[in-house]
Structure formats: structure tokens, C-alpha cells
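# Breakdown of the fold
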Amino acid sequence: MEIDDASDLIFRTYYMVDWGKVGQSPSEDLCVTCGKPMLKVEQVRDKNGMVYAGRVCHGCKVVFWLREG
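Let me sum up the structure you'll find in this document. (Residues numbered from 1 in each chain as written. Predicted model: local features only at pLDDT ≥ 70, side-chain atom pairs only at ≥ 80, totals over all residues. Heavy atoms only, no water.)

## Some words on the pairing of strand β3 (residues 51-57)
On a regular strand, each side chain points to the face opposite its neighbour's, so the side chains alternate between the two faces of the sheet. Most of β3 is tucked away, with 7 of its 7 residues classed as buried. Neither face of β3 is open: one carries V51, A53, R55 and C57, the other Y52, G54 and V56, and all of them are buried. Hairpin connection from strand β2 (residues 37-45) to β3: 5 residues lie between these consecutive antiparallel strands, with G49 at a positive phi of about 90°. Alignment of β3 against strand β4 (residues 62-67), held across 6 bridges, turns out to be antiparallel. Note on β4: the bridge partner recorded for C57 is V62. The hairpin formed by β3 and β4 contains 4 residues between the paired strands, and K61 there has a positive phi angle of roughly 60°. (Buried < 20%, exposed > 50% of the residue type's maximum accessible area, 1.4 Å probe, protein only. Helix = DSSP H or I, 4+ residues; strand = E, 2+ residues; numbered from the N terminus. Pairing = 2+ DSSP bridges.)

## Section: the pattern of salt bridges
In the structure shown here, the tally under the stated rule is 2 salt bridges. With a closest N to O distance of 3.8 Å, K21 and D18 form a salt bridge. Relative accessible area serves as the criterion here: at 68%, K21 is assigned to the exposed category. Residues D29 and R55 are paired through a salt bridge, measuring 2.6 Å at the closest nitrogen-oxygen approach. With D29 in strand β1 (residues 24-30) and R55 in strand β3, the pair connects residues that are 26 residues apart, well separated along the chain. Exposure remark for R55: the relative accessible area of 16% places this residue in the buried category. (Salt bridge = Lys/Arg side-chain N within 4 Å of Asp/Glu carboxyl O.)

## Section: unusual backbone geometry
The phi dihedral of K61 falls on the positive side, at around 60°, and the residue is not glycine. With respect to the secondary-structure elements, K61 resides in the loop between β3 and β4.

Printed below as a string of C-alpha cells:
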């Protein structure tokens, strides 16, 4: 995953998400901290209606959100 524009990011940390309620699936992206495969997070929508895709590493407690569309 590449992030070219910081305005495309949503600032929601690992601890702000109830991971038991968010769908996740395998991804090909590797964690920037430990190098292990990250999980793809189902799309989330912010209060303005913008849609974001995410990647998460539960071992490192790292999550990245990127605006789609």
C-alpha cells in the first residue's frame, strides 16, 4: 500500500476500533514494523460519508486507513 496524500488518511487508532465487530480478511501487505502479513479491514465510513479501507497488524497494534474513491 502506498499513501501519496496525507489528506486521504483517517486518524483512527488501533484502540479506537472494536476488532471483534469489524470484518477482516488476509491481505498481501506486510506490516512496516514486524514484516508479518497484515489483515484487510472491511470498509468504514466516517461522519462525513467518506469511505476508508484499512490494513491491521494485531501483533504490533498498527492500523492504516486509506480513503477510497
